[in-house]
Amino acid sequence: MNISNMNSTAIQEPVASSDVLIIGAGIIGLAHAGLAHQAGLSVTVIDRDHRAVGASIRNFGHACITAQHGELYDLAQAGRRHWLGFADKAGFWAAEAGALVVAATETELQLLREFSDSRPPGQVTVLNAEEVRAKLGRENTNGIRGGAFLADDLRVDPRTTVGTLASWLNKQENAAVHFNTAALGFGEGTERRARVATSRGAYEADQVFICVGHDVDYLFPEIAAEHQIKRCALQMTAAPAPESTSIIPAVLTATSMLRYDAFTQMPSASALREQVKAARPDLLDIGANVMFTQRPDGTLLLGDSHSYALTQPPFLTESTSDLLLQAAAQVLDVEAIHPTERWQGVYASSDVAPVLVRNISDSITLVSVTSGIGMTLSFGLAEANLNAFLSSPLARTTAR
Ligand SMILES: Cc1cc2nc3c(=O)[nH]c(=O)nc-3n(C[C@H](O)[C@H](O)[C@H](O)COP(=O)(O)OP(=O)(O)OC[C@H]3O[C@@H](n4cnc5c(N)ncnc54)[C@H](O)[C@@H]3O)c2cc1C
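Keep in mind that what you see is a predicted model, and the values were worked out from it rather than measured. (Residues numbered from 1 in each chain as written. Predicted model: local features only at pLDDT ≥ 70, side-chain atom pairs only at ≥ 80, totals over all residues. Heavy atoms only, no water.)

## Side note on the overall build of the protein
Within the protein, the regular secondary structure consists of 14 helices and 20 strands. Along the three orthogonal principal directions, the C-alpha set of the protein runs to about 65 × 40 × 40 Å. Within the span of the protein, comprising 400 residues, buried residues form 58% of the whole. Residue pairs in contact within the protein that sit at least 24 positions apart in sequence constitute 75% of those at least 6 positions apart. Accessible area for the protein stands at about 16500 Å²; split by element, carbon and sulfur atoms hold 49% of it. Computed over 30 positive and 42 negative side-chain charges, the separation of the two mean positions in the protein equals 2 Å. (Helix = DSSP H or I, 4+ residues; strand = E, 2+ residues; numbered from the N terminus. Buried < 20%, exposed > 50% of the residue type's maximum accessible area, 1.4 Å probe, protein only. Contact = heavy atoms within 4.5 Å. Areas by Shrake-Rupley, 256 points an atom, 1.4 Å probe, with all protein chains shown as cover. Lys, Arg positive; Asp, Glu negative; His and termini not counted. Charge placed at Lys NZ, Arg CZ, Asp CG, Glu CD.)

The following block contains the structure:
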């Protein structure tokens with residue numbers, strides 16, 4: 001076994017033992033935990049914090065399924081039913097809300113027509129301006145030419161989802177979630193089981209999934225360097241919705257079409273990039289994806305910008321927030337949006353591959369979504385990783 005990062009705490013006697021141990025109570029860790037529990041395995045989750053406050057609570061809560069391409073699309077679709085199933089079981093809010101892509105120019109609309117033609121009937125519906133206005137819940141919105149409705153996308157409330165899922169899991173038989181418990185090192189325990197040294201003693205399991213989001217470099221600097229993982233920092237704001245506005249789908253715009261793979265495959269993608277470059281270089285400069293979602297309490301979550309570095313400065317730039325808010329105000333045809341909260345979100349990003357799944361040893365697997373779509377991929381990726389474990393000789397529990 002390739003022992004990695006096991007420090008002197010390796011001599012601890014195990015304080016907890018389960019079939020599966022998950023490090024990290026963000027959505028990637030909890031999706032692995034939930035599906036492992038559903039498969040009849042005993043599960044322990046540990047998180048170094050007192051509650052999860054990472055990327056999984058700082059995002060839009062958008063399972064952006066339709067706009068994925070290739071293998072990522074397959075993973076996103078595979079996870080869809082699990083999102084709905086766990087919302088039902090654990091009692092968190094999830095909506096088959098779809099997504100609305102707003103087009104302000106003929107090029108944007110043309111790309112959406114191409115996208116619609118490339119997908120099965122009914123998955124992507126091209127809309128006229130009136131239909132877009134209806135979905136935005138706005139009577140007047142200048143400058144909207146049309147759009148498209150992406151039927152398969154889901155929405156959850158990012159502020160509450162992982163907390164509710166963790167509490168629910170902790171109440172189940174054969175499942176436990178231990179907060180304020182940091183993983184420090186990894187090695188081999190009794191009977192060749194995996195052993196994890198933590199700030200509260202050693203944990204043993206047949207299989208460990210390490211799901212620490214963008215902090216892979218804290219535990220495995222060589223792997224993080226090899227996968228070229230950087231921290232992508234995003235600026236977000238929350239604001240009350242303009243009066244009486246109720247927006248069910250996630251709302252995307254032209255800059256979103258420059259980011260998601262399914263759009264960038266379309267013949268009009270390069271024309272769109274040139275158009276945005278000419279019309280809104282300021283948005284490209286901040287790596288904008290102008291989009292928003294509405295929480296169940298009516299608050300809009302608005303964003304976002306993207307900047308990449310190994311370590312991110314914590315400071316928010318006011319001009320970046322202003323640009324994003326102005327762009328959203330334009331879509332909603334309101335004079336200004338007045339934010340009540342601003343925050344920085346951080347996720348793992350890599351140009352090498354959109355997902356990192358690496359076996360540290362026979363029984364320890366490192367998992368990080370390195371493309372900013374962890375909510376979308378979480379359950380599909382967890383299902384694939386769990387199936388790999390269950391079909392391996394190490395899955396002793398399945399034979400019990
Ligand atoms: C602003 C923003 C908007 C986004 N929008 C979307 C979106 O609309 N759709 C989408 O699909 N994705 C979106 N994403 C990406 C998505 O949020 C992430 O990919 C996803 O949340 C990553 O989940 P995670 O569980 O890996 O990480 P996290 O949620 O960051 O959780 C990692 C957990 O690991 C714990 N941990 C770390 N180290 C240790 C240790 N040594 N021991 C114990 N615990 C440890 C941390 O405390 C943390 O709770 C967005 C991200 C951001 C920041």
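## Some thoughts on the environment of Val 156
Of note, Val 156 is situated in strand β8 (residues 154–156). Residue Val 156 is classed as buried on the basis of its relative accessible area of 5%. Not counting the four nearest positions on each side in its chain, Val 156 is found in contact with Phe 60, Gly 61, Trp 83, Phe 92, Trp 93, Ala 94, Thr 161 and Met 375.

## Some points on the UniProt feature "domain: FAD dependent oxidoreductase" (unreviewed entry) in the protein
Mapped onto the present numbering, the UniProt feature "domain: FAD dependent oxidoreductase" (unreviewed entry) falls at residues 19–383. A helix fraction of 35% and a strand fraction of 28% characterise residues 19–383, whose end C-alpha atoms lie 16 Å from each other. (UniProt positions renumbered as here; feature names shortened; annotations may be inferred.)

## Focus on the pairing of strand β5 (residues 99–103)
Most of β5 is tucked away, with five of its five residues classed as buried. Here β5 shows no split at all, with Ala 99, Val 101 and Ala 103 on one side and Leu 100 and Val 102 on the other all buried. Here β5 pairs with strand β7 (residues 146–150) via five bridges, running antiparallel. Along β7, the bridge assignment pairs Ala 99 with Leu 150. Across three bridges, β5 lies against strand β14 (residues 250–252) in parallel orientation. Looking at the pairing, Leu 100 lines up with Val 251 of β14. (Pairing = 2+ DSSP bridges.)

## Some words on the site of the ligand
Residues in contact with the ligand amount to 31 residues; listed here are only the nearest, Asp 47, Ser 56, Asn 59, His 62 and Thr 376. Residue Arg 48 places a main-chain N or O atom 3.0 Å away from a nitrogen atom belonging to the ligand. A distance of 3.4 Å is found between an oxygen atom of the ligand and a backbone nitrogen or oxygen belonging to Ile 373. Coverage of the ligand by the protein chains reaches 96% of its 1000 Å² of free accessible surface. Looking at the shell around the ligand, the elements with two or more residues in it are α1 (27–38), α2 (55–58), β13 (230–240), β18 (341–349) and α14 (374–390). Counted by class, the shell around the ligand contains 16 nonpolar, 12 polar and three charged residues. (Near = heavy atom within 4 Å. Polar contact = N/O pair within 3.5 Å; in protein donor to acceptor, adjacent residues only side chain to side chain. Nonpolar A, V, L, I, M, F, W, Y, C, P; charged D, E, K, R; others polar.)

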